[in-house]
Amino acid sequence: MSRKIVAGNWKMNKSIAETHALVQELNEMARAWPSDVKVIISPPMLYLTQVAVNVEDNLHVAAQNCHAEKSGAYTGEVSAAQLKSSEINFCILGHSERRQYFGETDASVNAKVKSCLAEGVTPIVCIGELLEERETGKEFTIVEAQLRGGLKGLSSAEIEKCIVAYEPVWAIGTGKTASSDQAQEIHAFIRTKLAELSSQEAADKISILYGGSCKPANSKEIFSKPDVDGGLIGGASLNASDFNALINSY
Ligand code: PEP
């Protein structure tokens, strides 16, 4: 099975009409996408079910977050079980914006990861260091702590079902990209840690995506690295031709 994935995180962008228009454009492009690349889009929660019934078979849909509990008195929240029942099979968890603005912690990410796995929703677990952490040489310590915290208590078989996204926070939406060598260095480290937490065989199957100002101009170089299995794309996923170019940059 190929590890290649290009996933778009639309964040809190687009009206329903704009969403339909972008999905339509992507559907038209989808026929020409390489068959070994899994393509995922993540529109706002409100639009997920409408998008899920309108996408081509090779265009998958993810939520940007979920709640750890299956159901109950959690006003405003949506569970992994509800995502699954709406045929949403992927969920981004622990994005740095959720950590920064919504108090997400490694423990809450871990509870959500477990809930997704229990429901058969694939978690896309985001990890990555802040600028001051990189400048003080703490990136490996931070990334390892987030990885261990997010995947705590999972069996090897469960870890194998996860997707990991390395997103240095200093590169998200800033126009600053990690160099392909910086990305490869951390991705190789993450795969070593995944092997410690599960097995080398499992770690070799896990997709590790790079995220942070990835665009058509730099994706070919970044995706060419052996431990970079694709990207989690913010800004450039809002434009069909840029997203298409990213997918075709393999
Ligand atoms: C993101 O938010 O996951 C992201 C990578 O954003 P951008 O591509 O805009 O930096």
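See the structure shown above.
Conventions used here
Residues numbered from 1 in each chain as written. Predicted model: local features only at pLDDT ≥ 70, side-chain atom pairs only at ≥ 80, totals over all residues. Heavy atoms only, no water. Near = heavy atom within 4 Å. Polar contact = N/O pair within 3.5 Å; in protein donor to acceptor, adjacent residues only side chain to side chain. Areas by Shrake-Rupley, 256 points an atom, 1.4 Å probe, with all protein chains shown as cover. Nonpolar A, V, L, I, M, F, W, Y, C, P; charged D, E, K, R; others polar. 1 Å grid on protein atoms, 1.4 Å probe; cavity = no way out; pocket = protein on both sides within 12 Å on 5 of 7 lines; lining within 4 Å. Points joined across faces, edges and corners; volume = space filled by probe spheres on them. Helix = DSSP H or I, 4+ residues; strand = E, 2+ residues; numbered from the N terminus. Core = buried A, V, L, I, M, F, W, Y, C linked by side-chain atoms within 4.5 Å. Buried < 20%, exposed > 50% of the residue type's maximum accessible area, 1.4 Å probe, protein only. Contact = heavy atoms within 4.5 Å.

Draft legend 1. Focus on the site of the ligand. Taken together, 14 residues lie around the ligand, and Lys11, His95, Glu167, Gly173 and Ser213 are the ones closest in. At 2.5 Å from an oxygen atom of the ligand is found a side-chain nitrogen or oxygen belonging to Lys11. One of the backbone N or O atoms of Ser213 is found 2.7 Å from an oxygen atom in the ligand. Burial of the ligand by the surrounding chains reaches 95%, relative to a free accessible area of 290 Å². Split into classes, the residues belonging to the shell around the ligand amount to four nonpolar, eight polar and two charged.

Draft legend 2. View of the layout of surface pockets. Empty space within the largest pocket amounts to approximately 530 Å³. Taken together, 17 residues line the largest pocket, and the ones lying closest to its centre are Met12, Gln64, Asn65, Arg98 and Phe102. Residue contributions to the lining of the largest pocket peak at three residues, all from helix α4 (residues 96-101). Class assignment for the residues of the lining of the largest pocket results in eight nonpolar, five polar and four charged.

Draft legend 3. Focus on the nonpolar core. Grouped together as the largest cluster of nonpolar side chains are 61 residues, with contacts concentrated most on Leu26, Ile41, Ile190, Leu194, Tyr210 and Phe243. If near-sequence neighbours (up to four positions away) are discounted, Leu26 is found in contact with Trp10, Trp33, Ile41, Leu59, Ala240 and Phe243. In this structure, Ile40, Phe90, Cys126 and Ile163 belong to the second largest nonpolar core, which totals 12 residues.

Just distances and angles here, no functional claims.
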